[in-house]
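Secondary and tertiary structure notes
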Amino acid sequence: MIGTGQAVHNFRHFPAAARRSAEAASEERDQRLREITKKRDSRAAKLSAEASRRLRHLLGDDTWADLRDLMRRERMTVRDLLQPPEGLTARYDDLHRTRRRTAKAFLRSRDIRPDALVAIAGDYHEALADVFTADENISPGFHLSHHLDKWLSLSPFHDRALPWGVFEPDDSDDPHRWEVFRPPFFGFNFGFVPVRNDNFVVDRSHTLNPSVGDVGISISMKDDDAGDFDYASGDAFSAIAFAFVPPATGLVEVLIDAQCVEATHRLESTDEWGWSNSHTSQQNFLMLDVLHPSVAEPSYAAMSALDETTDDDESFHQEHLTRGTHYFAQLFSAGPVPADQSVIVCAGTRSFDKSGTNDVSIDSTSDFRWYISSVEVRISP
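Residues numbered from 1 in each chain as written. Predicted model: local features only at pLDDT ≥ 70, side-chain atom pairs only at ≥ 80, totals over all residues. Heavy atoms only, no water.

Concerning the sheet that holds strand β1 (residues 8–10)
Spatially, the seven strands line up as an open sheet ordered β1-β5-β8-β14-β10-β11-β2, and their pairing is mixed. Of all the strands in the sheet, the pair left with one neighbour each is β1 and β2 (138–140). Geometrically, the sheet is characterised by an average inter-axis angle of 20° between neighbouring strands, direction not taken into account. As defined by bridge partners, strand β10 (residues 277–291) adjoins strand β14 (residues 343–358) across 15 bridges and the pair is classed as antiparallel. Bridge pairing in β14 places S281 opposite K354. Along the sheet, helix α1 (residues 16–59) makes contact with β1, β5 (187–196), β8 (230–244), β10 and β14, crossing β10 at roughly 165°. Most of the contacts of helix α4 (residues 114–131) go to β14, to which it runs at about 170°, and overall it touches β8, β10 and β14. (Pairing = 2+ DSSP bridges. Helix = DSSP H or I, 4+ residues; strand = E, 2+ residues; numbered from the N terminus. Axes fitted to C-alpha atoms, helices over the stretch in contact; angles between N-to-C directions. Contact = heavy atoms within 4.5 Å.)

Topic: the environment of T102
Structurally, T102 can be placed in helix α3 (residues 92–109). Between the alpha carbons of T102 and H279 there is a distance of 25 Å; along the sequence they are 177 residues apart. Ignoring any residue separated from it by four or fewer positions in sequence, one finds T102 in contact with L70 and E74. In terms of polar contacts, T102 uses its side chain to reach the backbone carbonyl oxygen of T98, at 3.0 Å. (Polar contact = N/O pair within 3.5 Å; in protein donor to acceptor, adjacent residues only side chain to side chain.)

Points about empty space enclosed by the protein
Tallied over the entire structure, the rule returns two cavities of 30 Å³ or more. Estimates place the volume of the largest cavity at around 50 Å³. Taken together, L55, L67, R68, M71, L117, D228, F229, W275, N358 and D359 make up the full set of residues lining the largest cavity. By residue number, the principal contributor to the lining of the largest cavity is helix α2 (residues 61–81), which donates three residues. Split into classes, the residues belonging to the lining of the largest cavity amount to six nonpolar, one polar and three charged. What the second largest cavity holds in volume is close to 30 Å³. Lining the second largest cavity we find L33, T37, R40, V193, V195, S233 and D235. The set of elements that each furnish at least two residues to the lining of the second largest cavity consists of α1, β5 and β8. Among the elements that take part in the lining of the second largest cavity, α1 stands out by supplying three residues, more than any other. Across the lining of the second largest cavity, the residue classes tally to three nonpolar, two polar and two charged. (1 Å grid on protein atoms, 1.4 Å probe; cavity = no way out; pocket = protein on both sides within 12 Å on 5 of 7 lines; lining within 4 Å. Points joined across faces, edges and corners; volume = space filled by probe spheres on them. Nonpolar A, V, L, I, M, F, W, Y, C, P; charged D, E, K, R; others polar.)

A word on the pattern of salt bridges
Taken as a whole, this structure holds 19 salt bridges when the rule is applied. With a shortest N-O distance of 2.4 Å, D94 and R97 are connected by a salt bridge. Linking D94 with R97, this pair stays in helix α3, spanning three residues, or about one helical turn. Since its relative accessible area comes to 33%, D94 is described here as partly exposed. For R350, the salt bridge goes to D235, with nearest N and O atoms at 2.9 Å. Taken as a pair, R350 in strand β14 and D235 in strand β8 lie far apart in primary sequence, 115 residues in all. A residue is classified by how much of its surface remains accessible, and D235, at 15% relative accessible area, is buried. Overlapping salt bridges, with partners in common, bring together R68, R75 and D359 in one network. (Salt bridge = Lys/Arg side-chain N within 4 Å of Asp/Glu carboxyl O. Buried < 20%, exposed > 50% of the residue type's maximum accessible area, 1.4 Å probe, protein only.)

Let's talk about a negative patch on the surface
A cluster of acidic side chains, namely E168, D170, D171, D173 and D174, defines a negative patch on the protein surface. Tracing the sequence through the fold places D174 in the loop between α5 (148–154) and β4 (179–181). When its relative accessible area of 37% is taken as the criterion, D174 is described as partly exposed. (Patch = residues over 30% accessible without salt bridge, like charges linked within 9 Å, V, L, I, M, F, W, Y side chains within 5 Å. Areas by Shrake-Rupley, 256 points an atom, 1.4 Å probe, with all protein chains shown as cover. Lys, Arg positive; Asp, Glu negative; His and termini not counted. Charge placed at Lys NZ, Arg CZ, Asp CG, Glu CD.)

Describing the environment of K354
Note that K354 resides in strand β14. A relative accessible area of 10% means that K354 is categorised as buried. For the pair K354 and D307, spaced 47 residues apart in sequence, the C-alpha to C-alpha distance is 9.5 Å. Residues in contact with K354, not counting those within four places in the same chain, are F132, M221, A232, S233, H279, T280, S281 and Q283.

Concerning the packing of α1 against α4
Where α1 meets α4, the closest approach of the two axes is 10 Å, and the angle between their N-to-C directions is 170°. Put simply, α1 runs roughly antiparallel to α4. Of the residues in α4, those touching α1 at R40, R43, A44, L47, S48, A51, R54, L55, L58 and L59 are A116, L117, I120, D123, Y124, A127, L128, D130 and V131. (Parallel < 35°, antiparallel > 145°, perpendicular 65-115°, else oblique.)

Rendered as structure tokens:
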């Protein structure tokens, strides 16, 4: 099951020619994204069906039906035992362990080895990771103070703090001169594409305040009643936008200085039966998108990631980035733009979260928010 893949934007403050190019590019992107998303959903559904077929073949139709019936009964039993007033003093962990023992005893009674079930799930998760692989056009981002020498070498403007420093624009005839863009920004672009089967709920929340360069994404994926082989992904972005007139034909190069406001990975998993497992990943990027028909796709700088395979009750709360700290990305457009024609440039953040689960309840949330302090743009030499 897939959701809408169409981005929403506001480019009304920009030149008409730049808006027309951006609209044409956006239409092409939306169409390509719909095709990619449809293929992902179709491949994931086929993998889920194939894993289910292998499981039924291993167990046999009767044992498979008896096992699913047992699992349904045990879920209802645990739910009933948690109801008040008796449930007020019940220990969930004890009820959960009893449910696992009952399920494992059933497998032993049918001469079924749990590791055979685990092997099927392992093949499923490995294949699903290939389906939801991130884009190829990715480079690493940088912690600014740890890579200050690199930052200082990239632009003559870096001898001062661009978010508040005073600088003289480069008025030379150099076709590869840098131009600096700082808040307030007056355009924006954002979008969201979920993929999921029926048991998952996937949602997002955008933060977007262009006047102060404030961009953010929160993605949630929840599966409270996991089935045999469930899957989901959420792909979302929020970006500010501005117009740039290239002085020459070529690739657009940008330097994004972004201050981290929030960078949180959260994941909780509940292994319902003792042989279950799951694989969940969350990725956040700074991004560049030059909206012109000759630019094939956005470019990304990887900033933070969580990647966890769980086969137990586990909880993760991780912050890999430091709030309030500056980070930077050096990115290049995925195609050239023509000289002297205004183009719309978007800079912001993207999150791409994925999960595959086999009878493991999943509660996954990623929260990322950035202040885009400055964006330097030039035609790359």
